[in-house]
Amino acid sequence: MHKSIEIDERIFQDAVKFYGSIFNLPPLASKIYAYLLFDYDKVGITFDEFVDVFSASKSSVSTSISLLLNLELIVDHNKMDERKRYFFINDGYKKIRFEKIVQKMKDELKLLDDLDNFKKNHDDYNEKIEAYKALLNKNIKNIQESLNKL
């Protein structure tokens, strides 16, 4: 198995499991993403290296890379005078991830407001909904303030 980067097997397996569940990735895409986390020097990993390292078919690797590119979790570059594409973690992914979280919270707030407006009578249930909406608003504000620093 030819590897251009050094990985820790335990951390790699933890990352595969964690990011697979967080991003809802199939196993090979999760492995490719986790593998790229170890590319600290940003040398980039080629398509052929993924095929070699994971003993996977070219079509499986291609499908996984396409998915990761579409989700904006990874980016690709061609180096000067080379036809090979090199893949890297998208450094902007953290910001993208939290922007999506904020959007989901805003969507939920709008839905709760719509439900609240539809349901005219206010009872004990609505106090809990108001507390929940306050929690969503507080978290949206906190995340957006932190995002501005990224």
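Residues numbered from 1 in each chain as written. Predicted model: local features only at pLDDT ≥ 70, side-chain atom pairs only at ≥ 80, totals over all residues. Heavy atoms only, no water.

Quick look at the nonpolar core
A general feature of soluble globular proteins is that nonpolar side chains tend to end up buried together. Counting residues in each nonpolar core, the largest one holds 30 residues, and the members touching the most others are I32, Y33, Y35, F50 and F54. Elements with a contribution of two residues or more to this core: α1 (9–22), α2 (27–37), α3 (47–54), α4 (58–70) and β3 (85–89). The element best represented in this core is α2, accounting for 7 residues. If sequence neighbours within four positions are ignored, F54 has contacts with F12, L28, K31, I32 and Y35. Formed by 9 residues, the second largest nonpolar core is a distinct cluster that contains L109, L112, L136 and L147. (Core = buried A, V, L, I, M, F, W, Y, C linked by side-chain atoms within 4.5 Å. Buried < 20%, exposed > 50% of the residue type's maximum accessible area, 1.4 Å probe, protein only. Helix = DSSP H or I, 4+ residues; strand = E, 2+ residues; numbered from the N terminus. Contact = heavy atoms within 4.5 Å.)

A closer look at the packing of aromatic side chains
Enumeration according to the criterion identifies 12 aromatic pairs in this entry. Aromatic pair Y35 and F50: ring centres 6.2 Å apart, planes at 70°, arrangement edge-to-face. Within this pair, whereas Y35 is found in helix α2, its partner F50 is found in helix α3, the two being separated by 15 residues in sequence. With respect to burial, Y35 and F50 carry one shared label: buried. Here F50 and F54 contribute two aromatic rings whose centre-to-centre distance is 6.4 Å and whose plane-to-plane angle is 15°, an arrangement assigned as stacked. Separated by 4 residues within a single helix, F50 and F54 lie in helix α3, roughly one turn from each other. Across the pair, F54 and F50 agree in class, each one buried. Taken together, the ring pairs in this structure connect F12, Y35, F50, F54 and F87 into an aromatic cluster. Over the ring of Y86 we find K79, and its NZ or CZ is 4.0 Å from the ring centre. Above the face of the F98 ring, R97 is positioned so that its terminal group lies 5.7 Å from the ring centre. (Phe/Tyr/Trp six-rings, centres within 6.5 Å; stacked < 30°, edge-to-face > 60°. Lys NZ or Arg CZ within 6 Å of the ring centre and 35° of its normal.)

Here we look at unusual backbone geometry
Here the phi dihedral of N24 falls at roughly 55°; this positive angle occurs in a residue that is not glycine. The class for N24 is exposed, based on a relative accessible area of 67%. A positive phi angle is found at E72, which is not glycine, with a value near 65°. Summarising the element assignment, E72 is placed in the loop between α4 and β2 (74–78).

Observations regarding the environment of T63
Assignment of secondary structure puts T63 in helix α4. Along the chain, T63 and A29 lie 34 residues apart, while their C-alpha atoms are 8.3 Å from each other.

Describing the layout of surface pockets
By volume, the largest pocket is sized at about 230 Å³. Lining the largest pocket, in full, are I22, F23, L71, L73, Y93, I96, R97, K100, I101 and K104. Of all the elements, helix α5 (residues 93–118) adds the most residues to the lining of the largest pocket, at 6 residues. In terms of residue class, the lining of the largest pocket is made up of 7 nonpolar, no polar and 3 charged. (1 Å grid on protein atoms, 1.4 Å probe; cavity = no way out; pocket = protein on both sides within 12 Å on 5 of 7 lines; lining within 4 Å. Points joined across faces, edges and corners; volume = space filled by probe spheres on them. Nonpolar A, V, L, I, M, F, W, Y, C, P; charged D, E, K, R; others polar.)

Observations concerning the pattern of salt bridges
When the charged atoms of two side chains with opposite charge come close together, those side chains can pair. Inspection of the entire model under this criterion finds 8 salt bridges. Close ionic contact of K42 with D91 constitutes a salt bridge, the shortest N to O distance being 3.3 Å. Here K42, found in the loop between α2 and β1 (45–46), pairs with D91, found in the loop between β3 and α5; they are 49 residues apart in sequence, far enough to count as distant. Across the pair K110 and D114 runs a salt bridge whose closest N-O atoms are separated by 2.8 Å. Here D114 and K110 lie together in helix α5, a separation of 4 residues that amounts to about one turn. (Salt bridge = Lys/Arg side-chain N within 4 Å of Asp/Glu carboxyl O.)

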